[in-house]
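These are the residues of each chain, in order.
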Amino acid sequence: APLVIALTSKSSTVASDGWTEIASSDVIAKSIIRPDSTIDLRFTWRDQGFGNRKGRLRLRLVHALTGEDVASSPEYGIAPHEEEDIVESFDFNHGLVRHCMEGYRYVVEVIVGGGGGHALHIRDLKLTTNVAYVEKDLSEGTSETENTNAMV
């Protein structure tokens, strides 16, 4: 099945200046890289709505067993006080597409921000690709990794 990451809603309030994983794909079982291969990422986000702005988000391709970094998106940030829609497409020339292979997985990570009162709210996050495929039991009928209203 084609690899998909779907995250309905995520609110993070744990103060941290380090990266925290909020979603990930299953391990890639097969990749088919062609000149028209793409990865599409979209999400809506905002911070706590007042004060200092520190929230960031990134997408990484990592080795599933070792966690070794293979490729990464640019960092998105700093999160705005008001909701903002992000729509991004990575083509064959980007490492997230070009280096996709068996035994890797995609990881979505955020930084909320250190200090008091920081929050990061993300909704309708979806990653789709025509390059990576995961093994799924056919009876499941979906390849989505879905977390609904989870709290870090």
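These lines cover the structure that appears in this document, whether it is placed above or below.

**Points about the packing of aromatic side chains**
Under the criterion given, the structure shown has two aromatic pairs. Measuring from ring centre to ring centre gives 5.7 Å for Phe43 and Tyr76, while their planes differ by 80°; the resulting arrangement is edge-to-face. Of this pair, Phe43 sits in strand 4 (residues 39–47) while Tyr76 sits in strand 7 (residues 76–77), placing them 33 residues apart in sequence. Both residues of the pair, Phe43 and Tyr76, belong to the buried class. Site record: aromatic cluster; members linked through ring pairs are Phe43, Trp45 and Tyr76. Between the NZ or CZ atom of Lys30 and the centre of the ring of Tyr133, over which it lies, the distance is 5.5 Å.

**So, unusual backbone geometry**
With an omega of 10°, the peptide bond running from Gly77 to Ile78 counts as cis. With respect to the helices, strands and loops of the structure, Ile78 is situated in the loop between strand 7 and strand 8 (84–90). Positive phi values are uncommon outside glycine, yet Asp124 reaches one of about 55°. With respect to the helices and strands, the residue Asp124 is situated in strand 10 (residues 120–134).

**Examining the pairing of strand 4**
Two elements, strand 4 and strand 8, share seven bridges in a ladder whose sense is antiparallel. Counted as the bridge partner of Leu41 is Glu88 from strand 8. In this sheet, strand 10 lies alongside strand 4 in antiparallel orientation, the contact comprising eight bridges. In the strand pairing of strand 10, Trp45 is matched with Ile122.

**Examining the pairing of strand 5 (residues 56–63)**
By the criterion of burial, strand 5 is predominantly enclosed, with six of the eight residues buried. With two bridges connecting them, strand 5 and strand 7 associate as antiparallel partners. Bridging across to strand 7, Leu57 finds its partner in Tyr76. Two elements, strand 5 and strand 9 (residues 104–111), share eight bridges in a ladder whose sense is antiparallel. The residue of strand 9 that forms the bridge with Arg56 is Ile111. As judged from the three bridges shared by strand 5 and strand 6 (residues 69–72), these two strands associate in the antiparallel manner. Looking at the pairing, Leu61 lines up with Ala71 of strand 6. The turn linking strand 5 back onto strand 6 is made up of five residues, and Gly67 within it adopts a positive phi angle of 75°.

Rules and cut-offs
- Residues numbered from 1 in each chain as written.
- Predicted model: local features only at pLDDT ≥ 70, side-chain atom pairs only at ≥ 80, totals over all residues.
- Heavy atoms only, no water.
- Phe/Tyr/Trp six-rings, centres within 6.5 Å; stacked < 30°, edge-to-face > 60°.
- Helix = DSSP H or I, 4+ residues; strand = E, 2+ residues; numbered from the N terminus.
- Buried < 20%, exposed > 50% of the residue type's maximum accessible area, 1.4 Å probe, protein only.
- Lys NZ or Arg CZ within 6 Å of the ring centre and 35° of its normal.
- Pairing = 2+ DSSP bridges.

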